[in-house]
Every structure is written in C-alpha cells, then in structure tokens.
Amino acid sequence: MGFFDFMTEDIAIDLGTANTLIIHNDKVVIDSPSIVARDRISGKIIAVGKEANMMQGKTHENIKTIRPLKDGVIADFDASEKMISMFIKSIPALKKRMFTPALRMVVCIPSGITEVEMRAVKESCERVNGKEVYLIHEPMAAAIGIGIDIMQPKGNMIVDIGGGTTEIAVIALGGIVCDKSVKIAGDVFTNDIVYYMRTQHNLFVGESTAEKIKITIGAAIEDLETPPDDMSVQGRDLLTGKPKQVEVSYREIAKALDKSIQRIEDAVMETLSQTPPELAADIYNTGIYLAGGGSMLRGLDKRISQKTDLPVYIAEDPLRAVVRGTGMALKNIPKFRSVLIK
C-alpha cells in the first residue's frame, strides 16, 4: 500500500449547480462557477469557471456557455466530466506532477437524488482518475462543516440553500431522519428578478446582471434594519429597444422573491411537521442552521425565524460550509463511514 499511498491524492469536491469547490490538503484550492464554454465548431472546451462565467450571455453563435449541472444533478455528462477534469488539473499542487495521480475523492450530492443521477456523479469522477469515490449527502456535509457533532443522539436541522436545490434535513445519530429537497434556490431567485425587472420596469436584464442585483441588494423582508443602498441597473428597454438604466431598491427585490421564499418556508414547515417528537424537542433548543449561498440573502434568517418561532443561525462562510464538511469527512473516512456512500 505504501507506494500506492504516495501516488494517491485526496480531494473533496462540492459539485454545485452554481459553484464548484475543491479542497486539497485542507485548503480550498478551487472556488469557481460551474460553467464551461464550448467552441461549437471544434467541440473543444475553451474556458471553464470564472473565465467562462464572464462570457455568459455575451457569446456569438460559435461559442456556447453550458452549465453542466441543473438542480444539483448532472444534466450534461460530457461537459461536467470535462469541467471536473479541468478543475482538478488546475489545482496548483497537482500541476507539478508529471501524470495525473490516482485520486481518492469525496463528492457531495443532493439528498433527493435518484440512483441513476448518483451513478452519473460517480462515473464522472471515476473517469477523471478517481480510484476511490465516496458520496455524501449535502445536508450531512453542511452539518459537519458547520461544526455539529452529527454522531450524537441529538436532533439538528439544516437548511442548505444552494444554486439549484434547497436541502432541508433533520440529522441525528449520523443519519438523516427526515429530509426534503425542493428545486427552489439561488437560480430561481435570479429568474424571479429577471421576471420582475421585465414586468415592473420594462427592462430586459441578463442572468449575470440579475445575479448581481441579488447579491448587491437582495432581501427576503421589506423592512431591514441596515438596508443596502439603491442600485442602478442597466439593461435593454423592452418598449424602445434602447439600452436604459433604472434605480432599484431592496424592497422591490424582496417583493420579487416573496413567492419563492414562501415555498422554501413551506418546505421547512413540512419537514418540521414530519420530525419525530423527541427530535422536535431537540430542535426547539438547538434551532435551525442555514448554509449555502442562498442563506446570505438579507433578512432570510429573520423571516424563517418568524415563521417557525425557532432561533435561526447562519453558518460562518456559508458558501463553503458544504465543502468544508466534505473535506472533514475525507480526512476521517473511518469515523464517517456510516455517512459516506461507497
């Protein structure tokens, strides 16, 4: 085993709909948008990650930007494999190697995923030289990353709002007791904003702009204690066809996102209603933990707290909570054996 051990590298991957993160040697070495740009004529991938993200919505007919993951699962097998492979090859410590080392990987997957989708993730990883591939459910990884001791006979509730899915799970004794995966998350919020700008301001904005609006002034409630400044948004006027600029306030975005956030709240309520009473008692004391990029929406913690009458905590660095947990599971595979899916 000694020589093989020397040849093997451990990496943890959070393969997300919006962002892919990779941990190698306890450091986040890749944190890039999950997007690739393909040359239509040659079929070659010309850019990946941040570079491809800058091309989004600005391409001519010979370049196509692809987001290989949809709703947390692989939608374009070939593109996703190329993307993973290019990310792994660009890890600084692995660049020095003459040939790709064998990899031991832990990859996280949404909890509402089917067998077939699970196999797609696994095969993608095996084709980029993954010799040992373990899978871990996202809410589980988030819980480990937040710092919860998941093996305890204590109930904890995790709400992980990613790009494609929102994962809600109650975790105890190293397993998921009840969970719900809804396909309402960051991407839907972005589309809500596009739709709102189109209907309320007659302004056609692209996805990248809408995402910028979401990050800059996005909110879940209409009365924030420290409101962000209004934002100038540029796009195309639907009536005249000319480029124009409008001022947008966070209150408008709260209105735009209201319906989608309600559906997340409903899913949280439903999960709570399915929780066994002993664990519900625990959750009354521990509260709800939010992770994922969506948890950074201003006032969302307050809103969920008002709905559930429970304390709501946001993980520190919520965007990386899942990959941190995945990395911790990778470092201690024997301890987390029960959580990992081989």
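Residues numbered from 1 in each chain as written. Predicted model: local features only at pLDDT ≥ 70, side-chain atom pairs only at ≥ 80, totals over all residues. Heavy atoms only, no water.

**Q** I'd like to hear about the pairing of strand β16 (residues 243–248), residue by residue, with values.
**A** Two strands pair when backbone bridges link them, and strand β15 (residues 231–237) and β16 are joined in this way by six bridges, in the antiparallel orientation. Paired with Gln-234 across the two strands is Gln-245, which belongs to β16. (Pairing = 2+ DSSP bridges. Helix = DSSP H or I, 4+ residues; strand = E, 2+ residues; numbered from the N terminus.)

**Q** I'd love a proper account of the domain arrangement of the chain, names of residues and values included.
**A** When the domains of the chain are assigned, the result is domain 1 (148–184 + 259–318) and domain 2 (186–256). Each of domain 1 and domain 2 was reduced to a C-alpha centroid, and the two centroids are 27 Å apart. Facing the 15 residues of domain 1 at the interface are 17 residues of domain 2. Taking both partners together, domain 1 and domain 2 bury about 1,300 Å²; carbon and sulfur atoms supply 57% of that area. Taken together, the connections running from domain 1 to domain 2 amount to one salt bridge. Across the salt bridge formed by Glu-225 and Lys-302, the nearest N and O atoms sit 3.8 Å from each other. At the junction of domain 1 and domain 2, the tally comes to nine residue pairs in polar contact (both at pLDDT 80 or more). When residues of the side of domain 1 that touches domain 2 are traced back to their parent elements, those giving at least two are α9 (250–273) and α11 (300–308). Here the residues of the side of domain 1 that touches domain 2 are counted per class, giving six nonpolar, five polar and four charged. (Domains from an automatic or database assignment. Contact = heavy atoms within 4.5 Å. Buried area = accessible area lost by both parts, 1.4 Å probe. Salt bridge = Lys/Arg side-chain N within 4 Å of Asp/Glu carboxyl O. Polar contact = N/O pair within 3.5 Å; in protein donor to acceptor, adjacent residues only side chain to side chain. Nonpolar A, V, L, I, M, F, W, Y, C, P; charged D, E, K, R; others polar.)

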